[in-house]
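# Working through the structure, step by step
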Amino acid sequence: MRGVCSRLCVATLLPLVLVCGGCKPDKNKAAAKPDAGAAASKVRATKPKPKVGADGVPAFMDNAPTLPAAKTPDLPLAKRFKLPAGLEVRYIEKRDLPLVRFGLLIKRGTASAAPGVAYVTAKMLAEGAGKRGALDLSAALQQIGAELSISIGLDFIEIDLEVLKRHVDAGLSLLSDIVQRPRFEPTELRRLAQRLAARAQSRRARATAVAPLVFHKVLFGEDPYGIPRLPTPAVIRSVKRAAVVAFHRDAFTPDSAVLAVAGDIDRAGLVTALGTHFGSWKAQGSKKQGAAAAKPPADDKREDKRSKKGKAAQAKAPRLVFVDKPGAPQSVLRIGMRCPGRRSVKLAPLRALFKVLGGSFTSRLNQSLRETHGYTYGASASASLYRRAGLVAVRTSVKTSVTEPAIVEIMKQLEAIRDAPVTPAEANKARRQLIDAMPARLESVSGLVDAQTTLALYDLPLDADRRLATEYAAVSAADMQAVARARLRLGQLTIVVVGDTSTFAKKLEKRYGPATYLGPDGEALPRPKAKPAGKAKGKR
């Protein structure tokens, strides 16, 4: 406001000064007053001028600022206890807002059931529970302003509920019904199956949805990890209510679940509330059957040995897979390979490597493909780690006309990061990005719950994130290069391209060998027939 007022005053008084000619300055005072302009000129003359390059830009503007070393953050540590029935509870108090979030993790996902069964079961949880049908349950949640979300993964199902502190009891009552007493009404099951089948059908038209589905299918084959979470329409329609009920009975047991809680609640209040709503939760089947069915698969530590002994290890070129979409204006790319699961890899150097390669706007892939070549709006690279196995992948979409040079450039970047260690500046930036992101992730109750359910899924200790922050700070460029050589074996990479194959197939097959053609659901297709040569111009 001060700047505005001064401008108004000057604007108001200036006309008066111009009109009035009777007030003349005192010559003696004017002579005694130092020349402000001359003094400023002397200052400017003595101040050194910045060096300017040939392009007229000051030299200092070409130097990127250096980042100080990252400091290990003081991350919150959860506390833990068990209810008499065996439900493990992890909680963190966060009193800045009157909110409480509950996240119930079930350690069974789509990879531990027949195709479609786990997915349909999870989706049906919100379609009626206890004494309430689907509409009544939705109304009850809205009445207390509760936020319900259900996540479905290959290895887990998670039910999250966030409520105001004053509605904790009502919220837990609803959550208890959803988890323990879902209705699975036949009419709702049929309606849900129709919606999911329509979604699976529409997915076939979206290249960005087809590419990851086919990529998983090719990398994992007949392994349950290769089956899409949302399977084909025919599979969805074939799921029976009896299979849904049986999966819920075997998987949703207190001794195979973990409840994470974060927010404005203390231990005494939490124990009382949970005792009221989850104290009587017991496995519906026999203990022996329930425990065996709910036990998650063990980590597969043989992934590296299997990949070295397999035929792919002998390949001199990547595997090429095409999903043809005639007339598509862009190609969706996935390039990567399998790797061991979460507990069998060194996570800190793996994540640091992918930060440098494709984990930020200034990463190598994004700068090369977007800024230098203009092939895409963005490119990224990361690792997806599951319980038994995982994968590393480069992800991007490029203009159809530059599909082949874009893939060549990606392969060059992968080779470069294998052959030479990252620079000290890149390594320091990766460490800073990883460490600085950790506290930000834990600023909300949803972030705190998500962190705890992630640790529980992989059976990691409560202080695993604190240890990880220390490991991030110690990651070296040599560590990253070692991971690159282990996880980016160029002869074992799979290249999946979803796009108009008529524009790039010959060039890519000439470079990498014959391609395998698949459909949008990952089904095998014959190679398209070569088009007959066109007639000479001028003839009809």
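The coordinates are above.
Treat the numbers as computed from the prediction; the structure is a model and nothing was measured.

## Here we look at the sheet that holds strand β7 (residues 157-164)
- Taking strand neighbours across the sheet as the criterion, the 6 strands line up as β1-β2-β8-β3-β7-β6 in an open arrangement whose pairing is mixed. Single-partner strands in this sheet number two, and they are β1 (79-82) and β6 (147-152). Within the sheet, the average angular offset between the axes of one strand and its neighbour, ignoring direction, is 15°.
- Bridge count between strand β2 (residues 88-93) and strand β8 (residues 257-263): 6 bridges; the pairing is parallel. When the bridges of β8 are listed, I92 appears paired with A262.

## Digging into the sheet that holds strand β12 (residues 389-399)
- Reading across the sheet, the 6 strands line up as β11-β12-β10-β13-β9-β14 and stay open at both edges, with mixed pairing between neighbours. Each edge of the open sheet is held by one strand with a lone partner, namely β11 (379-385) and β14 (516-517).
- Two elements, β11 and β12, share 7 bridges in a ladder whose sense is antiparallel. Paired with S380 across the strands is R395, a residue of β12.
- Packing of helix α15 (residues 364-372) onto the sheet brings it into contact with β11 and β12, and relative to β11 it is tilted by some 145°.

## What to know about the nonpolar core
- Counting 67 residues, the largest nonpolar core has F322, I335, I407, L414 and M480 as its most contacted members.
- Formed jointly, this core draws a minimum of three residues from each of two domains, domain 2 (80-294) and domain 3 (302-441 + 470-537).
- With residues up to four places along the chain from it excluded, the contact list for L414 reads I335, L357, V394, L488, L490 and L493.
- Formed by 56 residues, the second largest nonpolar core is a distinct cluster that contains L174, V239, F247 and F252.

## Let's talk about the packing of aromatic side chains
- This model, assessed by the stated rule, comprises 6 aromatic pairs.
- Ring geometry for F220 versus Y225: centroids 5.6 Å apart, planes at 85°, classification edge-to-face. The pair F220 / Y225 is uniform in exposure class, with both members buried.
- Their ring planes at 80° and their centres at 5.5 Å tell us that F322 and F504 sit as a pair that is edge-to-face. Here F322 is found in strand β9 (residues 319-324), whereas its partner F504 is found in the loop between β13 (494-499) and α21 (505-512), with 182 residues between them in sequence. Assigned by exposure class, F322 and F504 land together as buried.
- Grouped by ring-pair contacts, the aromatic residues F220, Y225 and Y386 constitute a single cluster.
- One residue, R342, lies across the ring of Y458, its end atom 5.9 Å from the ring centre.
- In this structure, R388 packs its charged tip against the face of Y225, placed 4.2 Å from the ring centre.

## Topic: empty space enclosed by the protein
- Going through the model one piece at a time under the given rule, you end up with 2 cavities of 30 Å³ or more.
- By volume, the largest cavity is sized at about 70 Å³.
- Surrounding the largest cavity, 13 residues form its lining, P76, L442, Q452, L462 and D465 being those nearest its centre.
- Taken together, the elements giving at least two residues each to the lining of the largest cavity come down to α18 (445-457) and α19 (464-474).
- Per-element tally for the lining of the largest cavity: the top contributor is α18, with 4 residues.
- Of the residues that constitute the lining of the largest cavity, the class distribution is 9 nonpolar, 1 polar and 3 charged.
- By volume, the second largest cavity amounts to about 40 Å³.
- Taken together, T110, A114, P115, G116, V117, A118, Y119, I227, P228 and R229 form the lining of the second largest cavity.
- Partitioned by chemical class, the residues of the lining of the second largest cavity number 7 nonpolar, 2 polar and 1 charged.

Conventions and cut-offs
- Residues numbered from 1 in each chain as written.
- Predicted model: local features only at pLDDT ≥ 70, side-chain atom pairs only at ≥ 80, totals over all residues.
- Heavy atoms only, no water.
- Pairing = 2+ DSSP bridges.
- Helix = DSSP H or I, 4+ residues; strand = E, 2+ residues; numbered from the N terminus.
- Axes fitted to C-alpha atoms, helices over the stretch in contact; angles between N-to-C directions.
- Contact = heavy atoms within 4.5 Å.
- Core = buried A, V, L, I, M, F, W, Y, C linked by side-chain atoms within 4.5 Å.
- Buried < 20%, exposed > 50% of the residue type's maximum accessible area, 1.4 Å probe, protein only.
- Domains from an automatic or database assignment.
- Phe/Tyr/Trp six-rings, centres within 6.5 Å; stacked < 30°, edge-to-face > 60°.
- Lys NZ or Arg CZ within 6 Å of the ring centre and 35° of its normal.
- 1 Å grid on protein atoms, 1.4 Å probe; cavity = no way out; pocket = protein on both sides within 12 Å on 5 of 7 lines; lining within 4 Å.
- Points joined across faces, edges and corners; volume = space filled by probe spheres on them.
- Nonpolar A, V, L, I, M, F, W, Y, C, P; charged D, E, K, R; others polar.

Structural measurements only, silent on function.
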